[in-house]
Each structure stands twice: as C-alpha cells, then as structure tokens.
Amino acid sequence: MPLVFHWGGPRHGEVDEVPAELLTSSVLVYDGPRWFGVYQRFEPVQVQDTAEGPAEVWVVRE
C-alpha cells in the first residue's frame, strides 16, 4: 500500500498506508471515527522520506 504524509489539519505529520484505490482522485476524505479531514495531493507531487519509507505529501484542504 502507498504511504501518505499528511501536512496540516488533524493528521499533520502523520504517515499512513492508504489503499491505492483511494488515491485515484486528487482528494482524500477521512470521515472518522477518530477525526474528520479532507486532504489533496500536493502539486507538483512531492515525496517525503519517513521512518516508514518514502511517502507522497498530501495537504489539508480548507
């Protein structure tokens, strides 16, 4: 599964494995149960090195 690095919002700085089918859109929506948030793919695409491996940067959408 691809890794996503979150920038801003409720998941700022966290890295998550996200199923590839959820990344086919430019918007990633989390709807709970722990928190809510909408992130969008950073353009141009950037990759952040993390302890878990390289992760694509997604930024909070306000």
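Residues numbered from 1 in each chain as written. Predicted model: local features only at pLDDT ≥ 70, side-chain atom pairs only at ≥ 80, totals over all residues. Heavy atoms only, no water.

**Q** Mind showing me how you'd approach the pattern of salt bridges here?
**A** Opposite charge on two side chains makes pairing possible when the charged atoms of those side chains draw close. Within this structure, the stated rule accounts for 3 salt bridges. Across the pair Glu14 and Arg11 runs a salt bridge whose closest N-O atoms are separated by 2.3 Å. Note on Arg11: relative accessible area 9%, which makes it buried. Between Asp16 and Arg11 there is a salt bridge, with its nearest N and O atoms 2.7 Å apart. The pair formed by Asp16 and Arg11 is uniform in burial state, with each residue classed as buried. Bridged by salt links that share partners, the residues Arg11, Glu14 and Asp16 form one connected network. (Salt bridge = Lys/Arg side-chain N within 4 Å of Asp/Glu carboxyl O. Buried < 20%, exposed > 50% of the residue type's maximum accessible area, 1.4 Å probe, protein only.)

**Q** For this particular structure, what's the right way to read the pairing of strand 5 (residues 47-50)?
**A** On any regular strand, side chains alternate: one points to one face of the sheet, the next to the other face. Here strand 5 pairs with strand 6 (residues 53-60) via 4 bridges, running antiparallel. From the neighbouring strand, Val47 faces strand 6, where its bridge partner is Glu56. The hairpin formed by strand 5 and strand 6 contains 2 residues between the paired strands. (Pairing = 2+ DSSP bridges. Helix = DSSP H or I, 4+ residues; strand = E, 2+ residues; numbered from the N terminus.)

**Q** When you look at the side chain of Glu56 in this model, what are you seeing that I'm missing?
**A** Note on placement: Glu56 falls in strand 6. One polar contact links Glu56 to Arg41, side chain to side chain, over a distance of 2.4 Å. Glu56 has contacts with Leu3, Val4, Phe5, Arg41, Val45, Gln46 and Val47, leaving out every residue within four places of it along the chain. (Polar contact = N/O pair within 3.5 Å; in protein donor to acceptor, adjacent residues only side chain to side chain. Contact = heavy atoms within 4.5 Å.)

**Q** Got a minute to help me understand the environment of Val4 in this structure?
**A** Position of Val4 among the secondary structure elements: in strand 1 (residues 3-7). Taking the C-alpha atoms as reference points, Val4 and Tyr30, 26 residues apart in sequence, are found 13 Å from one another. Those residues in contact with Val4, other than ones at most four positions away along the chain, are Glu14, Val15, Asp16, Val18, Leu23, Leu28, Ala55, Glu56 and Trp58.

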